[in-house]
Amino acid sequence: MFAVIKTGGKQYRVAADDLLQVEKVAGEAGDIIEFPHVLVVGEGEDVTLGAPFIDGASVAAEVVEQGRGKKVIAFKKRRRQNSRRTRGHRQLLTTVRISEILTAGAKPSKKPAAKKDAAPKKADDKPAAKKEAAPKKTDAKADAAAAPLFTAPAGDKDDLTTIKGIGPVAAGQLNEQGITTFAQIAALSDKDVARIDEAMPFSADQIKDWRDQAKELAKG
């Protein structure tokens, strides 16, 4: 049996046990979700078409993981206007495994994966001796993700929107990462550019263009 579903503005032909990526849907790994917009259901030569959707039909799937797609760069240039704009985008995606195709209002037979809870205490358990609280270990990766990429210098900030291609939103994002002056951008090394490209929605070519402009602005 197969079905054609619609989600995220796209259509997918699916069958049981298929693994596919769709635009982000709410849910954690192990959750069972339903796609209610079913356009076609078929088994062999027996095919049912919806108008546009089939009443009572749905497709159940298990969430495998939440993630993001590859970075896509959108570049826009206006001729003879000295205007260029580059934007980066990474689409939020959800990987799902199709569990079953349901018709006539049926509900999914598979249940969500059980969440791990602490084991209940037994009646005859004796309270353990109190131990000194051990210092909490912080997740180095989480700390690294939370910390800004650079240390902002003391003094007044420069208006980064003066650089062509940096709007108010991009300027705010750069400020959050400790980049606040023309001199900082002008002094970025290729290694710094790669770090920004990896952690922020800006391309390496875009950052290098900002660096060239910042060198001129820093002189003034």
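Predicted, not measured: the structure shown is a model, and the values here were computed from it.

(A) Layout of the pattern of salt bridges. Counted under the stated rule, the structure contains five salt bridges. Across the pair R195 and D192 runs a salt bridge, and its minimum N-O distance is 3.7 Å. Here the residue R195 and the residue D192 both occupy positions in helix α4 (residues 190-199), the gap between them amounting to three residues, near one helical turn.

(B) A positive patch on the surface, seen in detail. The grouping of K76, R78, R85 and R87 at the surface amounts to a positive patch. Looking at the positive patch, the elements with two or more residues in it are β8 (72-78) and β9 (83-89). With respect to the helices and strands, the residue R85 is situated in strand β9.

(C) Highlighting unusual backbone geometry. Looking along the chain, the bond that leaves A51 and enters P52 is cis, with omega of -5 degrees. Looking at the element boundaries, P52 is found in the loop between β6 (46-49) and β7 (58-68). One non-glycine residue with positive phi stands out, namely D17, at about 75 degrees. Residue position: D17 is located in the loop between β2 (10-15) and β3 (19-23). D17 sits in the exposed class, given a relative accessible area of 61%. Positive phi values are uncommon outside glycine, yet A104 reaches one of about 55 degrees. Within the secondary structure, A104 is located in the loop between β10 (92-102) and α1 (140-146).

(D) Up close: the confidence of the model for the protein chain. Confidence in the prediction for the protein chain averages 84 pLDDT; 84% of positions are at 70 or higher. At the level of individual helices and strands, the protein chain shows its lowest average pLDDT in α1, which scores 50, and its highest in β2, which scores 95.

(E) Just the packing of aromatic side chains, in detail. Overall, the coordinates contain one aromatic pair when judged by the stated rule. For the ring pair F202 and W210, a centre distance of 5.1 Å and an interplane angle of 65 degrees mean the geometry is edge-to-face. Exposure class is identical for F202 and W210. Each is buried. A cation sits over an aromatic face here: R13 above F2, 4.1 Å from the ring centre. Its guanidinium or amino end placed over the ring of F150, R195 lies 4.9 Å from that ring's centre, counting from NZ or CZ.

(F) Seen up close, the packing of α4 against helix α5 (residues 204-219). Running from amino to carboxyl end, α4 crosses α5 at an angle of 130 degrees, the nearest separation of the two axes being 9 Å. On the basis of their axis angle, the class for α4 and α5 is oblique. Our pair here, α4 against α5, has a crossing hand that is right-handed. Contact residues: D190, V193, I196 and D197 in α4; A204, I207, K208 and R211 in α5.

(G) Expanded view of the sheet that holds β10. One open sheet holds the four strands; their spatial order is β3-β10-β7-β4, and the pairing between them is antiparallel. Because the sheet does not close on itself, it has two edges, and the strands there are β3 and β4 (32-35). For this sheet, the mean angle separating the axes of adjacent strands, direction not counted, is 45 degrees. Across five bridges, β3 lies against β10 in antiparallel orientation.

(H) Spatial organisation of the sheet that holds strand β5 (residues 38-43). Spatial strand order, β2-β1-β5-β6: four strands in an open sheet with antiparallel pairing. The open sheet has two edge strands with one neighbour each: β2 and β6. Strand-to-strand twist in this sheet, taken as the mean axis angle between neighbours without regard to direction, amounts to 15 degrees. Relative to β6, β5 runs antiparallel, the two sharing four bridges. If you follow G42 over to β6, its bridge partner there is V47.

Conventions and cut-offs
- Residues numbered from 1 in each chain as written.
- Predicted model: local features only at pLDDT ≥ 70, side-chain atom pairs only at ≥ 80, totals over all residues.
- Heavy atoms only, no water.
- Salt bridge = Lys/Arg side-chain N within 4 Å of Asp/Glu carboxyl O.
- Helix = DSSP H or I, 4+ residues; strand = E, 2+ residues; numbered from the N terminus.
- Patch = residues over 30% accessible without salt bridge, like charges linked within 9 Å, V, L, I, M, F, W, Y side chains within 5 Å.
- Areas by Shrake-Rupley, 256 points an atom, 1.4 Å probe, with all protein chains shown as cover.
- Lys, Arg positive; Asp, Glu negative; His and termini not counted.
- Charge placed at Lys NZ, Arg CZ, Asp CG, Glu CD.
- Buried < 20%, exposed > 50% of the residue type's maximum accessible area, 1.4 Å probe, protein only.
- pLDDT = per-residue confidence, 0-100.
- Phe/Tyr/Trp six-rings, centres within 6.5 Å; stacked < 30°, edge-to-face > 60°.
- Lys NZ or Arg CZ within 6 Å of the ring centre and 35° of its normal.
- Axes fitted to C-alpha atoms, helices over the stretch in contact; angles between N-to-C directions.
- Parallel < 35°, antiparallel > 145°, perpendicular 65-115°, else oblique.
- Left-handed = near helix turned anticlockwise from the far one by under 90°.
- Contact = heavy atoms within 4.5 Å.
- Pairing = 2+ DSSP bridges.

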